[in-house]
Amino acid sequence: MIVMLILQTYLKDIYRTVNGLLKTALGPPPGSTTSLSPVHDLTFRLESVKCLVIIIKSMGVWMDQQLRIGEFGVRNTSDNDSVVECNTSLGGDEGSLPDFELHQEAISDHSTATLEQRRAYKLELQKGISLFNRKPSKGIEFLISNKKIDGTPEAVALFLKNTSGLNETVIGDYLGERDDFSLKVMHAYVDSFNFDGRDFGEAIRFFLRGFRLPGEAQKIDRIMEKFAERYCKCNPNSFTSADTAYVLAYSVIMLNTDAHNSMVKDKMSKADFIRNNRGIDDGKDLPEEYLGALYDQIVKNEIKMKADTSVPQSKQTNSVNRLLGLDGILNLVWKQTEEKPLGANGALIRHIQDQFKAKAGKSESTYYAVADAAILRFMVEVCWGPMLAAFSVTLDQSDDKAATNHCLQGFRHAVHVTAVMGMQTQRDAFVTTVAKFTYLHCAADMKQKNVDAVKATIAIAIEDGNYLQDAWEHILTTLSRFEHLQLLGEGAPSDASFLSGSNIETEDKSVRSSFTSLKKKGTLQNPIVMAVVRGSSYDSTSLGVNTSGLVTPEQINSFISNLNLLEQIGNFELNHIFAHSQRLNSEAIVAFVKALCKVSMSELQSPTDPRVFSLTKIVEVAHYNMNRIRLVWSRIWNVLSDFFVSVGLSENLSVAIFVMDSLRQLSMKFLEREELANYNFQNEFLRPFVIVMQKSNSVEIRELIVRCLSQMILSRVDNVKSGWKSVFMALTAAAADERKNIVLLAFETMEKIVREYFPYITETETVTFTDCVRCLITFTNSRFNSDVSLNAIAFLRFCAVKLAEGGLICSRENADDDSSIQVKEATADGHTLMDKDENASYWIPLLSGLSSLTSDPRLAIRKSALEVLFNILKDHGHLFSHSFWITVINSVIFPVFKFVRDKKENNDQSSPASIFSHPEPSTWDSETSSVATRCLIDLFVNFFPVMRAQLTEVVSLLAGLFRNPSQGSASTGVSALMHLVGDLGCMLTEDEWSCIFLSLKETSASMLPGFLKLIRIMDRIDVPNVAQSYSYSYDDGETLSNNGTTENYEDDNLQTAGYIVSRMKTHISMQLLIMQVTTDLYNMHQDLLKASSVKIVLEIFSQTMSHAHQLSSEMGLHLKLQRACSILEISDPPVVHFENESYQNILNLLHHLLTSNPSLSDEMGIEARLFLICEEIIEIYLKCSRLEEGKPEKAVVHWILPLNSGVKEELGARTSLLVSALRVLSEVDKDCFRKYASRLFPLLVELVRCEHSSREVQPVLSNLFQTCVGPIIIKV
């Protein structure tokens, strides 16, 4: 309680003092009397203002002393050039390292060297080491010139890594240098480490044990950037990109500082560490378990920091806290957006209260000394309001130069204190007030004090830029308005003359001429000038928005004189703020760029006077700060990228063109920097081009982007790495553009890239080559010019040739020559590397892209893609491994024939709803199908040893062509299968022959279920006979209207029946085709077939024969189909022919097996099956003759009616099959016939009794009785 009373009393005293000075500074209230003379009153007011200025100034001085702002240069330094005052070393594991073998020749001659020579050698070496520890570059030059080490970066790197006696601090400084040779040494040094399989935290610890991190943030950034690249190369599956490892490396170092620095009271928890690292893996989160384990590892086992003993301990602690510019970079790495003011935490307040409490019992005259700057916050919160009022009122009411200068000084000190203390509201209030007092928004009313306010604003920006944050917007708005007025005074043309259309060009010329003589003339009644002279409110986005009304000559003259006042401030002061931006710290530069973009957006969106001042400054600021560390620059570019995209999509074409050209300039500068592998900086930098290219409605902008990218890439191709992704994405968007000139321009650029710079594409990430292929494929879809499409396909083949020639391998070797020690040793020859599956990632996108093009609706593109695809496989397939071939077959070749599977699904449609649905027509025609199938068979035959495992799939695919109703596709499948088997017959194994015939069997069987379901539909419909059909249609020449519904029903039934007839014909032709192919294969290669294959052939024939016989037995179905065909005037389905052919094929096969291969015949029971088939053939014939119908056992036949024409016709169709069966029976062994004679004799007798439509039966039947039946009877 006592503590709070003391604190309240203390603050009340401050408030009374400041408030009293405020009242004095404002003078007596209006209407009151005073005994002071006017001179004394002004003196009192001025002295009161002085006192307030002294108070706020003393606060600032004391604050600077406590925070040591001057000592560490926080106000005017940045992470760019800040040098940490102690050189810390992160080396957890101490151990002796073996001495570097410096001179191999001297060592090899050790046996002959004299003691004096060895002593001289060591002295010279020690001299070089000593010189290196003082001046590293000189030391390296000395050692190289005296041939103590080789002059290669690799040799120097090994010297630094393995030599004892070198100063670890100097090693770190040398590795961080940016000159070319030192940079190569650093790359070689990092590449000499093998992080394969190491945990990330242990990898950092292992890496940092040999040197101390340098104090300069830029040097640390270069080292950690290379470390991240090397770690990802050794552990390619660890992170999405090296950017993740780069950011995580900073997080680990900062966590180590936070966890093991005794000055850090509030330690970071595991949850904080995980939360701070969210989204660093390319927008995704790393696993919490991984981050948690990393946290535990660092917290439990410190990466020890060895501070230089020559630096005082107090400075060491503060320097460690500012390692890498920790005070600013920490928030950027962990993306902390909330400002945490000094002293705002409860622990600090409790500490202050404890100080009061400890001394509360002592005398009232005790002086309480507080060393913590946080106490100042309470004082400022009490007195900032009165101070703001005093300075504002005095500055507004007084024109006295001394008084206004004191007020402006007070504003500067107040901004400094509130900004450093993190008091955002108070800071913005002071900054806004000073900005308003510049009167730049109404220049006609300006005075000298307003010009001084402009000077004060510039001073605030330079002195306290690191702490202004959001207040930068007010300062930059002030600078924008100042520059605008300055240009008006100089008579320069307005930006609108360049950013507007030709409709105002004439008017702008008159305005320009008027401005030129503005200071000479006394009056000028021009609308634009009047608007500027009239002014506007401070919050207006541009000057002179309200253009109504006239201005007087006096206002014009006042405006001219005020323009003369502004000449006190030159361009140097104005530009100094932007040039000074490179000295802002990490957080400040991001806030500065955000504010500058916001002001620039306001300028460009002005409806009356768009300007580009801030836009040009954005380009300058980006140029100044491009060399910042990657972490900071990426945050800056995130802001700039959104800005460029937003403005690039502006409806004002001139503004958009200006912005895109500015982006091009920055990109050209940025691409001068080399990018390491696995990083994504260039891609992020060029992404605005892609977004604008995809979203812009302006043809001019899209064309400009293509030209900009072409210029950038072709002039900076050596340095382009991840930027290729954005380039190809933009060109892909251009390839799909609606304007022909853009497509042709983009393809011209793409052609040059592929022809001349292909190795640069393949030396980066795999996805880069994928993007290149995707871009070329998009060009193949161009509808403007077929030449572009065909040339794009040709370039795809060109890419394949380059890959096969080793362009990929050569580029990797070249890339590793300068930077890698171990990787270079692992490089193998082209053929060996081509066989590695890791290179499949380059081939698969290319081959898959061509595979997808084979379904293009354009015939020329389809054929070209097919030929190129299979030519690539045929020419370069010998480079592929067996596992890669399997991938190619499944993901590239088989998808080409997807149409075969689609047709299978369509052919299986059997529901009534699907009968009249029309599937989308396939883009393939018979010609394309023929080309594709021929290419497939040629490829399969050439690479049969590798591809033979896929024989079943290939044969199934060819057999699938049989399902195609098109005669061309079916014949293509037949010829392809015959070609395949003909070329490979002697190489096929028994199992492979079985696979071929099984595929045919499965193809035949797969058609049956759907077809039978379709046939069953006929059972549910009624087909009228011919007489009924005509009666529905005609009645004395008129249609029966009352039977309209019935007619529609009958028409639907007839249409359904017609469809079923068509499907039945197709089905029968497919089944016959499969039988024919099977028969041909058997006849051509019967000597190579084993029992298993023959058995499958028999199963095919038996399956088809059973199906044909079942179909033929459906008498009701046949009657309906005959009536439907008669009405529709179409031919009947060849059911009888189908049955005859199926029986004929199996009859021939069984007879051949029985006569030519007795052993196999006995094994398979061919004899019994042959006689059974013959019996079935005779029974079918007899049934057709209507003599085999069931009758009463004792019925007496009095007469036999002659056969009608239909039966005679069917008997005629079946005669040839019967004759074949009878001949087979007559040719079999007599003993065999004797075994089955008792079953055959009744059937043969019935054949004698029945009527025949052909005379071929009697001779054969007679011969059978004479040769086979007669001998049996005689013998009996």
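How each quantity is defined
Here the residue numbering is sequential within each chain, running from 1 through the sequence in written order. Reporting in this predicted model follows two pLDDT cut-offs: at least 70 for local features of residues, and 80 or more for side-chain atom pairs to be given and counted; totals over whole chains, interfaces and linings ignore these cut-offs and use all residues. To obtain the side-chain values, all non-hydrogen atoms of the structure were used and water was disregarded. For every residue, the pLDDT score states the predictor's confidence, bounded by 0 at the bottom and 100 at the top. Note on contacts: a residue pair qualifies if any of its non-hydrogen atoms lie within 4.5 Å across the two residues. Under the pairing criterion, centres of Phe, Tyr and Trp rings, with the six-membered ring standing for Trp, must be within 6.5 Å; the plane angle then separates stacked pairs below 30 degrees from edge-to-face pairs above 60, leaving the rest tilted. The rule for a charge over a ring is simple: NZ of Lys or CZ of Arg within 6 Å of the ring centre, and within 35 degrees of the ring normal. Throughout, nonpolar core names a set of buried Ala, Val, Leu, Ile, Met, Phe, Trp, Tyr and Cys residues whose side chains join them through atoms within 4.5 Å. Burial here depends on accessible area, computed with a 1.4 Å probe over protein chains only, as a share of the maximum for the residue type. Under 20% is buried, over 50% is exposed, and the range in between is partly exposed. The numbering of helices and of strands both runs from the N terminus, where a helix is a DSSP run of H or I of at least 4 residues and a strand a run of E of at least 2. Here a salt bridge means any side-chain nitrogen of Lys or Arg lying within 4 Å of a carboxyl oxygen belonging to Asp or Glu. To obtain an axis, a line is fitted to C-alpha atoms, over the contacting stretch when the element is a helix, and the angle between two such axes runs from 0 to 180 degrees between their N-to-C directions. Should an angle fall under 35 degrees it is taken as roughly parallel, and over 145 as roughly antiparallel, whereas 65 to 115 is taken as roughly perpendicular and any remaining angle as oblique. What makes a crossing left-handed is the near helix being turned counterclockwise from the far one by less than a right angle; a clockwise turn instead makes it right-handed. Note that Gly is not counted as nonpolar here; it falls among the polar residues with everything else outside the nonpolar set of Ala, Val, Leu, Ile, Met, Phe, Trp, Tyr, Cys and Pro and the charged set of Asp, Glu, Lys and Arg.

With that out of the way, let us pick up the confidence of the model for the chain. Averaged over all residues, the pLDDT of the chain equals 76, while 73% of them reach at least 70. Long-range and interchain partners of residues 519-525, a stretch whose pLDDT sits below 50, account for 18 contacts in this model, where long-range means more than four residues apart. Taken together, the stretch residues 1187-1195 has pLDDT below 50 and engages in six contacts with residues farther than four places along the chain or on a different chain.

A few words now on the packing of aromatic side chains. Tallied over the entire structure, the rule returns 49 aromatic pairs. Put simply, the rings of Tyr-189, Phe-193, Phe-195, Phe-200, Phe-206, Phe-207, Phe-211, Phe-227, Tyr-231, Phe-239 and Tyr-290 pair up and form one aromatic cluster. Lys-161 extends its terminal NZ or CZ atom over the ring of Phe-193, reaching a point 4.0 Å from the ring centre. The ring of Phe-206 has Arg-198 lying over it, and the distance from NZ or CZ to the ring centre is 3.9 Å.

Right, let's talk about the nonpolar core for a bit. Grouped together as the largest cluster of nonpolar side chains are 347 residues, with contacts concentrated most on Phe-200, Phe-592, Ile-893 and Phe-1233. Sorting elements by how many residues they give to this core places helix H54 (residues 1044-1085) first, with twelve residues. Ignoring sequence-local partners within four residues, the contact set of Phe-1233 consists of Phe-1171, Leu-1225, Val-1228, Leu-1240, Leu-1244, Leu-1264, Cys-1268, Val-1269 and Ile-1272.

The phi dihedral of Gln-469 falls on the positive side, at around 50 degrees, and the residue is not glycine. Among the secondary structure elements, Gln-469 is positioned in the loop between helix H21 (448-463) and helix H22 (472-490). At Glu-1129, a position not held by glycine, the phi torsion is positive, near 60 degrees. Mapped onto the fold, Glu-1129 is located in the loop between helix H56 (1115-1128) and helix H57 (1135-1156).

A few words on the pattern of salt bridges. Under the criterion given, the structure shown has 41 salt bridges. Residues Glu-229 and Lys-226 are paired through a salt bridge, measuring 2.5 Å at the closest nitrogen-oxygen approach. Of the two residues, Glu-229 and Lys-226 both sit in helix H11 (residues 217-234), three residues apart, roughly one turn of that helix. By the burial criterion, Glu-229 is buried, and Lys-226 matches it. One connected set of salt bridges, linked through shared partners, spans Asp-191, Lys-226, Glu-229 and Arg-230.

Relative orientation of the contacting elements helix H32 (residues 681-695) and helix H33 (residues 699-715) amounts to 150 degrees, with a least axis distance of 10 Å. Taken as axis vectors, H32 and H33 run roughly antiparallel relative to one another. Handedness of the H32/H33 crossing: left-handed. Contacts between H32 and H33 involve Leu-686, Phe-689, Val-692 and Met-693 from the first element and Ile-701, Arg-702, Ile-705, Val-706, Cys-708, Leu-709 and Met-712 from the second. Split by residue class, the contact of H32 with H33 holds ten nonpolar, no polar and one charged.

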